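Listed below are the residues making up each chain.
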Amino acid sequence: MPIVDSKTGKIRKNYNIDELAEAANLMRGYNMISLCAAGSGHAGGTMSIMDITAALYLHAADHDPKDPSWEGRDRIIWSTGHKAPSLYLSLGMAGYFDVEEVVKLRKLYSPFQGHPHWLKLQGVEAPTGSLGQGLSIANGIALAGKLKRKDYHVFCLTGDGEHQEGQVWEAIMEAGHFKLDNLINIMDKNRLQIDGWVKDVMDIDPIVDKYKAFKWNVIEIDGHNMKQIVEALEKAKAHKDQPTVIIAHTVKGKGVDFMEDVAGWHGKSPICEQMEEALRQLGVDKKLDHHKLDKKAGDYQAEATKKLEAKMPKFSKDYFWNMQENMKVDMDPTRKGFGRALEKRGDDPRVVCMGADISGSIAISMFHDKHPERKNRFLSMGIAEQSGTGVAAGLAKEGMIPVFGTYGVFAAGRNLDQLRTTVCYGDFNVLIAGAHGGVSVGPDGATHQALEDLFQTCGLPNMHVVVPCDSIETERATEALLFDVEGPKFVRFAREATPIVTDENTPFKFGEANIYRYRGEKNKFKDAFEVKLASEYASENEDLTIIACGPEVPEAMRAAWILKEDFGIETRIMNVHTLKPLKKDPVVKAALETGIIVTAEEHQVGGFGNWISAIVSQAPELYKKPLLMGMIGVMDRFGESGKPWELIKEFEVSAEHIAQKAKELYDIKQKG
């Protein structure tokens, strides 16, 4: 059906087959420009699915861009949420907004988030991004349509690699059982996922036979043949008594020769020269003025930056990283420290590393990259976090040392019950890596920003939890967890390059905090601080204590610099890299000796701070002692897209916010 006016039934816009193909090609051009302007995103899958989404939004689906909540509309669920640019471009082309607005993709405060959210943009039906969940949502909407006797159809867009998630098969079983003939699943079968060919990572075929076994109607098409796409959508809408799956055979990166069938373009955006070449290959370089669109994106970014900086606490000078002529800091992704430890210590035949389709991204593949003889001890589990965790427990039971890594949101959240009931209750020697902790995935947005994982893991009996402060400490922590700690263990680290504040001479002892003291400005930021194990530290009568973990340790150190230089305040900084078990003595000692504690975490506030609060509130030594306490953390909100350093500021977990809170408490103490 063409796009209609839901109130009058009149046609708003009608596309024929050739016009749909032309629209899809134009959308591919906009996609290249938007991804380039964002500097991140998923080129491969957005290009493979574009013909399908053009046909769906511009021809097959019943919807009204002028009335996005029209009750009679068809619902479209994007289970493959990382292909969000295709969704946004389809909505723009359909008339929900000016399609050029999509160049604001993945930028701070933009509705065009890295993964879609229905509360941020009209036309989006549900928040998605954690793979495997969309078809279940679609089932619920289809069931609601049946119960309410509505005529709408529900379309769900899924990927072939996504079918490695167990929840997808639960949803497939449900839809067949309930005979949801108002449900149409469209699988973008581009045959590639991040870690390589789907058939090599975790084969899902014979997919046709599997769907038929679950009582589905199956239609196979060339996903780039517009006539076949339109006919398949029409047949699917007309089919009765069964849900329909359209298996669309596509090419990842379709339309751009250097992207086609290349796994590396899954989660990558083109740079300027590549974007210009892509526009030429698509034949839209004369139709789209990318210079004008680049300026539009740049102007938007400038306004977002201005708005953000206006909210920041102000001090005598700009203390942000590497903004001074001295106090310079080197940066390195903490995930690299994790990978280096696996590379260095992976010769132990007991160590088995397990990938979850993001092996290069979290650096777990460094275990075997330069050591092909270890490849038999690297297991690609596919996109299947829950089963992977159970497999790790089985390996541990038989004396292996399994290391299973994925993004923190999945490592701690999606498989929480498996961690609780199998790994922790069984007290199995499993190392779980929660990569990309905090907001360091930046533009990917809320679905991929791990801000709740410390609540989840620290609450598990038998679990050991370590949150290192930089890449060097991550390497040392990973080694310690591998061979010095028996039982369930979780290491949380970031994706983004973060300041290096330790070296090979810095004390590191699992279970014991480090104390840092600012000694005055130096050429190198790290050299401006003296560090000792907490057990070896004697009080210097500091004015307050900042207790931090993970990437917030460098921020706490920077806050101490601000407090000393601007206000003459002396700060004790405590790096609590081991959250569980958490040693109480240094915390109680700091409370007694300084009278002020500020906790800092790149996490929902309290995931770390509540543990510190519990220690001081239950310490008999402090029952009659005055103590002021504040917590810095994400204030009970979900994340959003933006550059990682923007989000550190937006979520108010920067050194400036730590220093502001510390100064506020210091002033209260002085008045008392």
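In the block above lies the structure referred to throughout.
The following paragraphs examine the structure supplied in this document. Counting from 1, residues in each chain are numbered in the order their sequence is written. Reporting of local features is limited, given that this is a predicted model, to residues whose pLDDT is at least 70; pairs of side-chain atoms are given and counted only at 80 or more, and all residues count toward the totals for whole chains, interfaces and linings. The basis for every side-chain value is the complete set of heavy atoms in the structure, and neither hydrogens nor water enter the calculation.

### A closer look at the sheet that holds strand E3 (residues 75-78)
Then, in step 1: Taken in spatial order, the five strands make up an open sheet running E3-E4-E5-E9-E8, and their pairing is parallel. A single partner strand is all that each edge strand has here, and the edge strands are E3 and strand E8 (217-222). The sheet shows a mean angle of 20° between the axes of neighbouring strands, taken without regard to direction.
Then, in step 2: Criterion used throughout: strands pair if DSSP finds at least two bridges between them. By definition, any uninterrupted DSSP run of H or I lasting at least four residues is a helix, any uninterrupted run of E lasting at least two residues is a strand, and each is numbered from the N terminus. Note that E3 and strand E4 (residues 154-159) share four bridges and pair parallel. Bridge assignment links Trp78 to a residue of E4, and that residue is Leu157.
Then, in step 3: Whether two residues are in contact is decided by their heavy atoms: any pair within 4.5 Å suffices. Note on geometry: axes are lines fitted to C-alpha atoms, helical ones only across the stretch in contact, with angles between N-to-C directions running from 0 to 180 degrees. Strands in contact with helix H9 (residues 226-238) are E4, strand E5 (183-189), E8 and strand E9 (244-249); relative to E8, the strand with the most contacts, it is inclined by about 170°.

### A word on the nonpolar core
Then, in step 1: With 67 residues, the main nonpolar core has Met32, Leu56, Leu58, Tyr88, Ile186, Leu233 and Ile246 as its most contacted residues.
Then, in step 2: The biggest single contributor to this core is helix H1 (residues 17-38), with ten residues.
Then, in step 3: Residues within four places of Leu56 in sequence aside, it is in contact with Ala61, Ile76, Phe155, Leu157, Ile186 and Leu233.
Then, in step 4: We define a nonpolar core as any set of buried Ala, Val, Leu, Ile, Met, Phe, Trp, Tyr and Cys residues linked to one another through side-chain atoms lying within 4.5 Å. Exposure categories follow from relative accessible area, calculated using a 1.4 Å probe and restricted to protein chains: below 20% of the type maximum is buried, above 50% is exposed, and the middle band is partly exposed. One finds Leu308, Tyr518, Ala560 and Val598 within the second-largest nonpolar core, a separate group that totals 46 residues.

### Section: the environment of Met312
Then, in step 1: Considering the arrangement of structural elements, one finds Met312 in the loop between helix H11 (290-311) and strand E10 (331-333).
Then, in step 2: Exposure remark for Met312: the relative accessible area of 7% places this residue in the buried category.
Then, in step 3: Sequence-wise, Met312 and Pro586 are 274 residues apart; in three dimensions their C-alpha atoms are separated by 32 Å.
Then, in step 4: Setting aside residues no more than four positions away along its own chain, Met312 makes contact with Lys649, Ser654, Glu656 and His657.

### Considerations on the packing of helix H15 (residues 385-397) against helix H17 (residues 416-424)
Then, in step 1: Where H15 contacts H17, the two axes come as close as 10 Å, and the packing angle between them is 10°. The angle between the axes of H15 and H17 places the two elements in the roughly parallel class. Across from Gln386, Thr389 and Ala393 in H15, the residues of H17 making contact are Gln418, Leu419, Thr422 and Val423.
Then, in step 2: When residues are grouped by polarity, Ala, Val, Leu, Ile, Met, Phe, Trp, Tyr, Cys and Pro land in nonpolar, Asp, Glu, Lys and Arg in charged, and all others, Gly among them, in polar. Looking at the contact of H15 with H17 residue by residue, the classes come out as three nonpolar, four polar and no charged. Roughly parallel here means an angle under 35 degrees, roughly antiparallel means over 145, roughly perpendicular means 65 to 115, and every remaining angle is called oblique.

### Some thoughts on the pattern of salt bridges
Then, in step 1: Definition used for salt bridges: Asp or Glu carboxyl oxygen within 4 Å of a side-chain nitrogen of Lys or Arg. In total, this model carries 56 salt bridges according to the counting rule given.
Then, in step 2: Among the salt bridges present, the one from Lys564 reaches Glu570, with a minimum N-O distance of 2.7 Å.
Then, in step 3: It is possible to trace a salt-bridge network through shared partners that takes in Arg517, Arg519, Glu530, Glu540, Glu542, Lys564, Glu570, Arg572, Lys589 and Glu593.

### With respect to the packing of helix H21 (residues 585-594) against helix H22 (residues 609-617)
Then, in step 1: For the pair H21 and H22, the least separation of the axes is 9 Å and the interaxial angle reads 70°. For the element pair H21 / H22, the angle class is roughly perpendicular. As for how H21 packs across H22, the hand of that crossing is right-handed. The residues of H22 that touch H21, namely those facing Val587, Val588 and Ala591, are Ile612, Ile615 and Val616.
Then, in step 2: Partitioning the contact of H21 with H22 into residue classes produces six nonpolar, no polar and no charged. A clockwise turn of the near helix away from the far one marks a right-handed crossing, whereas an anticlockwise turn of less than a right angle marks a left-handed crossing.

### Considering unusual backbone geometry
Then, in step 1: Residue Pro206 follows Asp205 across a cis peptide bond; omega there is 5°.
Then, in step 2: Relative to the helices and strands, Pro206 resides in the loop between helix H7 (198-202) and helix H8 (207-213).
Then, in step 3: The omega torsion of the bond from Lys580 to Pro581 falls at 0°, within 30 degrees of zero and hence cis.
Then, in step 4: Turning to its location among the elements, Pro581 is positioned in the loop between strand E22 (578-580) and H21.
Then, in step 5: If you check the backbone angles, Lys179 has positive phi at about 55° while not being a glycine.
Then, in step 6: Located in the positive-phi region is Asp427, a residue other than glycine, with phi close to 55°.

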